[in-house]
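Report on the structure
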Amino acid sequence: MPGKVLVTREIPEAGLRVLKEAGFDVTVLSEAPPARDGLLEAARGAKGVLSTVTETVDGEFMDVAGGGLKVVANMAVGYDNVDVGAAQERGVVVTNTPGVLDETTADVAFMLLLAAARRLGEAERTLRAGRWEWWGPKLFMGPDVWGKRIGIVGLGRIGQAVARRARGFGMEIYYHNRSRKEEAERELGARWMELDELLETVDFVSVHTPLTEETRHLIGAEELGKMKPRAVLVNTSRGPVVDEAALAEALEAGSIFAAGLDVYEEEPKVHPKLLERENVVLAPHIGSGSIETRDRMAVLAAENIRAVLRGEPPKNPVEQ
Ligand code: GLV
C-alpha cells in the first residue's frame, strides 16, 4: 500500500510523523511556496498530496500527478485553492481540516477587532518611531468594543467562536448566514438579519464565510457604504470576500472607522492604498497560526491521507 506522498510545504513534524510511521515515501517540497513548475514536477507519481493554501491544485496538477493520485489533503479549513470538481471527475478525494482551528482563528479575529478599534498598530508605530511625546487626553482615541453590537457574516464554527468571545465583552450579537442557525441563536443570543440591515445596525462586522462565487466581493463599495462611520470591519476568512480597493477608499474617506485584515485578494500582495493607511491593522494570514493548532492541522491532514490510502473513509472529505 505505501507509496509516494508529496507534502508541498514544510509542515510541523507531528504531521510528517503520521505519514512516515504509516510507511509512506514522503517528499517535503519547500519552506516557501513552490513555483508551479517545481510543484508539478514533484507531484509526478504521488498517491497522496498534502497541500496548503498557497498551492493551486487543479486538473492539470492532478493529471501530472497521474492516475495513482487518490487524495489531496488541504491543510486548511478553506479549500478554494483546490478544484474539487476536477478532483471528483478524477476520483480523487479532497479533505480539509475543520474543527481544529476555530478557537485559534477566532482569537485572531478578536485581536484584529480590538487592535483596529483601539488603534494599536498606529499607536505602536508612533511609539517605536520615537514620536510619542506625552500622555494626552485625546491621544489615540477609538470606539469602545465592550457593550457594542457585532455582526458576524457567516455563523459557522469560526463565526460562533467569535460570537462566544463577543459575549464575554458584553456585546449584542447579530449574524447573517444563508441558513438560520437556531441552536446558535439560542446558545449565543444571536439574532439573524439580512446583510444590508446588519451592516446598518452593527458597530463591528467580522467576516467568516468561505470563498465561493457567491461570496466573492460580498463586502464591496455598496456594503461598506451602509456601515456606520465608526464601524470596524474585520476579515479573517479569504481576501476576495472583501473588495480591497473599495475598502481602501472607505478607510480613506473615513466612511468607516477602521479595519483589521488577516487575508488579502492576492496574497502576499496587499493593496498599496491599504499599506499607506494608519486605520487598518494588517496581519499576514496568521489566523490559525498557533503552535498547537498548526500541529493539529498537520496531523489531521496527514491522517486524512493515511485513511484514504488505506482504503478507509477520511474524517474530513469535502464536496463541490
Ligand atoms: C487558513 O486560511 C484556513 O483556511 O485554514
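A brief structural summary. (Residues numbered from 1 in each chain as written. Predicted model: local features only at pLDDT ≥ 70, side-chain atom pairs only at ≥ 80, totals over all residues. Heavy atoms only, no water.)

Next up on the list: the packing of aromatic side chains. Applying the stated criterion across every chain, the model contains one aromatic pair. Plain terms: the ring middles of Phe110 and Phe169 are 4.9 Å apart, the flat faces sit at 45° to each other, and that makes the pair tilted. You can see Phe110 sitting in helix α5 (residues 102-117) and its partner Phe169 sitting in the loop between α7 (157-168) and β7 (172-176), a full 59 residues away along the chain. On the basis of relative accessibility, which here comes to 5%, the residue Phe110 falls in the buried class. (Phe/Tyr/Trp six-rings, centres within 6.5 Å; stacked < 30°, edge-to-face > 60°. Helix = DSSP H or I, 4+ residues; strand = E, 2+ residues; numbered from the N terminus. Buried < 20%, exposed > 50% of the residue type's maximum accessible area, 1.4 Å probe, protein only.)

What follows is about the pairing of strand β11 (residues 258-261). If a strand is regular, its side chains alternate between the two faces of the sheet. Judged by which residues are buried, β11 turns out to be covered on both faces: Ala258 and Gly260 on one side and Ala259 and Leu261 on the other are all buried. Pairing of strand β10 (residues 232-235) with β11, which is carried by four bridges, proceeds in the parallel orientation. Each residue of the ladder has a partner; that of Leu233, found in β11, is Ala259. After leaving β10, the chain enters helix α11 (residues 244-253) and then returns to the sheet as β11, a path that is right-handed. (Pairing = 2+ DSSP bridges. Right-handed = clockwise from strand over helix to strand, strands pointing away.)

Our next topic: helix α6 (residues 120-128). By the burial criterion, the buried members of α6 are Gly121, Glu122 and Thr126. Along the long axis of α6, the arc covered by the buried residues comes to 135°, so they all point the same way. Opposite the buried face of α6, by more than 90 degrees, sit the exposed residues Leu120 and Arg128. Where α6 terminates, the next one or two residues include Gly130, which has phi positive at roughly 75°. (Arc of directions from axis to C-beta.)

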